[in-house]
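Fold and contact review
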Amino acid sequence: MDHIVKIKIEDMEAVYGIAENGQVSFLLVPFGAKECFFEKGNADPLIQISCTGDASSIGFCAGETRHNSAFTRSFTYVSQNISETGTQKSITTTMRSAEGIVAEHVVIAHKGCRSIRVFTKVTNESAPDLTLEAISSVNLSGITPYAADEARGRLFLHRFRSRWSEEGRHERRSVEDLLLEPSWADFGVRLEKFGTVGSMPVRGFFPFAAIEDEGAGAFFALSCVCESSWQIETVRIDRNLSVSAGLADYEFGHWRKTLKKGESFATPEVYVTAAFGDLTTVCDRLLDVARHKLLMTQRVETLPAVFNEYCTTWGNPSEENIGKILQVIDGNDFAYFVIDAGWYANENGGWQDNMGDWRVSKKLFPNGLKPVVKKINDAGMKAGIWFELEVVGKDADAAGDVGHLLERDGKVIISGTRRFWDMRSKWVQTYLTEKVIDFLNENGFQYIKIDYNETVGIGCDGAESPGEGLRTCMNATKAFFEKIREKVPGIAIEICASGGHRLEPGFMELADYLSFSDAHEEKEIPVIAADLQRLVLSQKSQIWAVLRSSDPAKRIAYSVCAGMYGVLCISGDVFDLSEEQRALAKAGVVFYKKASPVIAHGLTKRFGRFQESNRDLRDYQAGVRYGENGQVLVIVHSFAHDAVQEISLPLAGDYVITDKYETGDHEITITGHVLRMIFADDFDAVAVLLSPV
């Protein structure tokens with residue numbers, strides 16, 4: 001490396017390696033404290049870019065990756081500009097190819113934010129039409145700088161897998177296990193590539209990766225902001241490990257983008273952080289950008305409780321049913337009452353496949369929805385309504401409107417029983433403005449749950465490639481969500497996608513609340529909810545607590561305690577509960593409200609075994625959340641266990657018990673810096689609120 005440039009950003013440093021041949025590498029490291037080896041391998045360019053006709057890197061990688069392609073290697077250093085205000089620092093590193101293509105690598109850092117935003121902008125200044133087939137938002141290279149060699153046995157890749165009703169499952173694997181160890185000849189590209197293809201960006205994996213250097217106790221982590229197809233690549237040839245992230249490329253995500261002379265393209269952002277510590281702390285640092293972007297109305301100290309009638313009526317809401325529910329719940333307990341799917345059912349009661357027409361069911365709501373909203377408001381709650389606004393069900397009249405539905409290769413895209421509106425269409429925008437935005441205002445709704453229950457797949461027509469079509473369509477969807485907020489004063493937006501399939505930074509930042517999962521009333525809810533605390537702001541993570549009249553008291557406590565990992569959302573047999581059950585549930589809601597400042601602003605330490613199977617839970621799980629207000633919320637779920645279970649949890653200081661939520665007596669005590677409790681039964685739970693002495 002000819003020259004190393006270090007630029008301090010908060011408690012980190014941006015490190016740029018400028019080679020003799022003009023190529024530039026980039027790495028973010030924790031500031032100071034350890035000796036670094038930045039020159040132990042070849043420069044791995046900070047902008048990874050490829051176009052049609054490009055040559056892949058040598059080392060048997062054609063068809064797998066465009067990393068270090070000939071086009072990437074043709075870019076050389078032009079300049080670096082640093083600008084700074086009282087609240088923000090930006091670093092723009094400009095590269096140019098011989099063909100007249102200019103690429104800018106942009107870093108944006110906000111004051112007090114422990115992570116940075118990175119993206120790439122490319123401009124065709126003089127070349128003929130240029131068709132991109134791959135471009136990274138960020139490429140971190142030189143991992144790990146804390147070893148002079150390849151750091152064998154100490155580098156681990158962390159990622160989070162996700163499937164329907166099993167979101168956020170953590171995985172930690174060594175680079176050797178992933179065959180990312182350099183060969184005997186430092187030849188042959190080593191690659192672990194993963195991502196998501198389609199319009200559900202958290203189907204398979206969360207757009208997250210972290211490399212842990214166990215020897216140094218350091219983490220290098222990133223989160224990709226991409227609502228369409230995305231990819232993360234961990235690549236190695238020599239002693240340096242690289243991690244790049246951004247839009248899915250042509251091979252993986254069917255993406256191409258053509259730039260005519262004078263045209264530019266900016267990639268989605270990637271959030272990046274680096275720190276010494278543990279994974280939980282590093283994940284929390286990445287969430288700082290989301291905290292920075294919170295709207296003023298979202299900068300809350302306490303959290304609401306929500307009632308959603310879906311698991312009460314199972315798609316059969318009606319004026320009668322809602323009136324019955326309102327006899328037993330009110331605004332003393334809940335801030336919102338959400339009418340979920342089914343309000344638009346046809347005359348035969350069908351509702352699962354007629355989304356798109358959005359006509360209020362006269363059978364269910366003979367007087368329309370406005371009187372029902374008034375009843376909800378009179379009970380002291382704000383009314384919410386469910387839409388799956390981007391799709392058209394097979395039984396809807398709108399399914400015949402093929403001119404405004406997404407197509408691929410000239411054919412309407414059908415996923416399961418759903419078609420998809422082309423959200424780029426002015427006609428669709430006008431139609432949905434009337435059916436959704438005008439409807440919300442006319443009926444007085446102050447909350448919208450936006451669901452999404454299928455994926456477009458590889459992409460759609462209307463652009464240079466299916467992947468680019470998908471990207472532009474998802475951008476139009478986001479724009480419509482923003483329009484809802486603009487045109488409906490005070491609206492609260494919940495984003496759902498069969499539960500958690502849209503828990504991606506861009507969608508998460510658009511929302512006030514996010515559906516954590518579709519595991520509506522399963523025993524694994526506390527595990528999923530706790531896993532997601534690393535990836536989602538707890539003040540937005542809405543968690544089901546479904547109560548059944550057949551539930552024993554310990555199951556009521558189990559469900560309500562699980563909801564305390566985020567925003568508590570009650571549903572179920574609320575009008576059939578016994579007085580004892582209702583009193584226990586109400587006590588849980590009261591406790592949750594007391595604890596909500598800790599839930600909204602805190603950091604959770606997890607205890608208990610890693611669950612090999614979420615469907616066969618063993619032993620226990622505990623979350624000890626240290627709030628910014630000094631209080632501590634402890635949530636403990638006992639799973640299947642033998643004999644009487646005694647659980648001891650270390651505390652980081654001197655605390656006293658100020659409140660607790662339980663059924664029965666778990667003999668909860670504090671001795672020194674240890675909180676102890678006893679569980680006689682399987683699948684029971686307690687929550688304890690602590691205050692400093």
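From a predicted model like this one, the values you see are computed outputs, not experimental measurements. (Residues numbered from 1 in each chain as written. Predicted model: local features only at pLDDT ≥ 70, side-chain atom pairs only at ≥ 80, totals over all residues. Heavy atoms only, no water.)

Moving on: the overall build of the chain. Tallying secondary structure elements over the chain gives 13 helices and 41 strands in all. Taken against the 2.2 N^0.38 rule, which gives 26 Å for 693 residues, the C-alpha radius of gyration of the chain at 26 Å falls within 12% of a compact globule. With the C-alpha coordinates aligned to their principal axes, the bounding extent of the chain is approximately 75 × 70 × 45 Å. Taking all 693 residues of the chain together, 63% fall into the buried category. Across the chain, the fraction of contacts at a sequence separation of at least 24, relative to all contacts at a separation of at least 6, is 69%. Carbon and sulfur atoms provide 48% of the accessible area of the chain, an area that totals close to 25200 Å². Of the side chains in the chain, 74 bear a positive and 96 a negative charge, and the two mean positions are spaced by 2 Å. (Helix = DSSP H or I, 4+ residues; strand = E, 2+ residues; numbered from the N terminus. Rg over C-alpha atoms; globule rule 2.2 N^0.38 Å. Buried < 20%, exposed > 50% of the residue type's maximum accessible area, 1.4 Å probe, protein only. Contact = heavy atoms within 4.5 Å. Areas by Shrake-Rupley, 256 points an atom, 1.4 Å probe, with all protein chains shown as cover. Lys, Arg positive; Asp, Glu negative; His and termini not counted. Charge placed at Lys NZ, Arg CZ, Asp CG, Glu CD.)

Let us now look at the packing of aromatic side chains. Ring pairs (aromatic) are described by centroid distance and by the angle formed between their planes. Taken as a whole and judged by the stated rule, the model has 35 aromatic pairs. Consider the rings of Phe-160 and Phe-208, whose centres lie 5.2 Å apart with planes at 65 degrees: the pair is edge-to-face. Placement of the pair is Phe-160 in strand β11 (residues 155–163) and Phe-208 in strand β15 (residues 208–213), with a sequence separation of 48 residues. With a centroid separation of 5.0 Å and an interplanar angle of 80 degrees, the aromatic rings of Tyr-344 and Trp-358 are classed as edge-to-face. Of this pair, Tyr-344 sits in the loop between β23 (336–339) and α7 (370–378) while Trp-358 sits in the loop between β23 and α7, placing them 14 residues apart in sequence. For the cation-ring pair, Arg-172 lies above Phe-156, with the distance from its terminal atom to the ring centre recorded as 3.6 Å. It is Lys-324 that lies over the ring of Phe-575; its NZ or CZ is 4.3 Å from the centre. (Phe/Tyr/Trp six-rings, centres within 6.5 Å; stacked < 30°, edge-to-face > 60°. Lys NZ or Arg CZ within 6 Å of the ring centre and 35° of its normal.)

Residues of strand β37 (residues 645–650) alternate between two faces, with Gln-645, Ile-647 and Leu-649 buried on one and Glu-646, Ser-648 and Pro-650 left unburied on the opposite face. Bridge count for β37 against strand β40 (residues 674–679) is six bridges, and the pairing is antiparallel. Pairing of Ser-648 across the sheet is with Arg-676, part of β40. (Pairing = 2+ DSSP bridges.)

The sheet built from eight strands closes into a barrel, its strands ordered β22-β23-β24-β29-β30-β31-β32-β33 with parallel pairing. Averaged over all adjacent pairs, the angle separating strand axes in this sheet is 30 degrees, with direction ignored. By the bridge criterion, two bridges tie strand β22 (residues 306–308) to strand β33 (residues 567–572) in an arrangement that is parallel. Its bridge partner lying in β33, Phe-307 is registered against Ile-570. (Axes fitted to C-alpha atoms, helices over the stretch in contact; angles between N-to-C directions.)

Here the focus is the packing of helix α12 (residues 553–563) against helix α13 (residues 579–600). In a packed pair of helices, the relevant descriptors are the angle between the two axes and the axis-to-axis distance. One way to put it is that α12 packs onto α13 with a least axis distance of 10 Å and a crossing angle of 25 degrees. Comparing their axes, α13 and α12 come out roughly parallel. In this structure, α12 crosses over α13, and the sense of that crossing is right-handed. Counted together, Ala-553, Ile-556, Ala-557 and Val-560 of α12 and Gln-581, Leu-584, Ala-585 and Gly-588 of α13 form the full contact between these two elements. Looking at side-chain class alone, the contact of α12 with α13 contains six nonpolar, two polar and no charged residues. (Parallel < 35°, antiparallel > 145°, perpendicular 65-115°, else oblique. Left-handed = near helix turned anticlockwise from the far one by under 90°. Nonpolar A, V, L, I, M, F, W, Y, C, P; charged D, E, K, R; others polar.)

On the surface, a cluster of nonpolar side chains totalling about 380 Å² of accessible area is made up of Ile-58, Phe-60 and Phe-187. With respect to the secondary-structure elements, Ile-58 resides in the loop between β4 (49–51) and α1 (70–73). On the basis of relative accessible area, Ile-58 is assigned to the exposed category, the value being 64%. (Patch = residues over 30% accessible without salt bridge, like charges linked within 9 Å, V, L, I, M, F, W, Y side chains within 5 Å. Salt bridge = Lys/Arg side-chain N within 4 Å of Asp/Glu carboxyl O.)

Right, let's get into the side chain of Ser-141. Locating Ser-141 in the fold gives a position in strand β10 (residues 138–143). Assessed through its relative accessible area of 7%, Ser-141 is described here as buried. Among the polar contacts listed, one links the side chain of Ser-141 to the backbone oxygen of Asp-44, at a separation of 3.4 Å. Not counting residues within four places of it along the chain, the set of residues in contact with Ser-141 comprises Ser-25, Phe-26, Leu-27, Asp-44, Leu-241 and Ser-242. (Polar contact = N/O pair within 3.5 Å; in protein donor to acceptor, adjacent residues only side chain to side chain.)

For the rest of this paragraph, the subject is the pairing of strand β29 (residues 447–450). With burial as the criterion, each face of β29 is covered, one bearing Tyr-447 and Lys-449 and the other bearing Ile-448 and Ile-450. Two elements, strand β24 (residues 382–387) and β29, share four bridges in a ladder whose sense is parallel. Within β29, the residue paired with Ile-385 across the bridge is Ile-448. Where β29 meets strand β30 (residues 492–495), four bridges bridge the pair, whose relative direction is parallel.

With that settled, consider the pattern of salt bridges. Under the criterion given, the structure shown has 49 salt bridges. Of the charged contacts, one joins Arg-159 and Glu-192 as a salt bridge, the two residues approaching to 3.0 Å between their closest N and O atoms. Pair noted here: Arg-159 is in strand β11 and Glu-192 is in strand β13 (residues 190–196), with a separation of 33 residues, a long-range link. Each member of the pair, Arg-159 as well as Glu-192, is classed as buried. Across the pair Asp-284 and Arg-291 runs a salt bridge, and its minimum N-O distance is 2.5 Å. By sharing partners, the salt bridges in this structure join Arg-66, Glu-133, Glu-251 and Arg-256 into a single network.

It is worth spelling out the packing of helix α6 (residues 319–326) against α7 at this point. Interhelical geometry of α6 versus α7 gives an angle of 5 degrees and a closest axis separation of 11 Å. By the angle between their directions, the pair α6 and α7 is classed as roughly parallel. For the pair formed by α6 and α7, the contact residues are Glu-319, Ile-322 and Leu-326 on the first element and Val-372, Lys-375 and Ile-376 on the second. Among the residues forming the contact of α6 with α7, the class breakdown is four nonpolar, no polar and two charged.

Among the secondary structure elements, Leu-279 is positioned in helix α3 (residues 279–286). Among residues more than four places away in sequence, those in contact with Leu-279 are His-158, Phe-160, His-170, Phe-208, Ala-210, Phe-219 and Arg-534.

One finds Trp-343 and Ile-484 to be the most contacted residues of the largest nonpolar core, which totals 145 residues. Here the element with the most residues in this core is α13; it accounts for nine residues. Residue contacts for Trp-343: discarding those within four places in its chain leaves Pro-317, Trp-358, Arg-359, Val-360, Ser-361, Leu-364, Phe-365, Leu-369, Ile-385, Trp-386, Phe-387 and Phe-439. Within the second largest apolar cluster, 66 residues are counted, among which are Ile-47, Phe-71, Leu-132 and Ile-211. (Core = buried A, V, L, I, M, F, W, Y, C linked by side-chain atoms within 4.5 Å.)

So, about the sheet that holds β40. The three strands are arranged β37-β40-β39 in an open sheet whose pairing can be described as antiparallel. With partners counted over all chains shown, the strands left at the sheet margins are β37 and β39 (669–671), one partner each. Averaged over all adjacent pairs, the angle separating strand axes in this sheet is 25 degrees, with direction ignored. Relative to β40, β39 runs antiparallel, the two being bridged by three bridges. In the sheet register, Thr-671 faces β40, and the bridge partner there is Val-674.

Residue Thr-144 is bonded to the preceding Ile-143 through a cis peptide linkage, with omega at 10 degrees. Locating Thr-144 in the fold gives a position in the loop between β10 and β11. With phi around 60 degrees, Ala-643 is a residue other than glycine that occupies positive phi space. Counting through the fold element by element, Ala-643 comes out in the loop between β36 (632–638) and β37. Under the relative-accessibility criterion, Ala-643 is labelled exposed at 64%.

Note that every value here comes from positions in space, so none of it alone points to a role or purpose.
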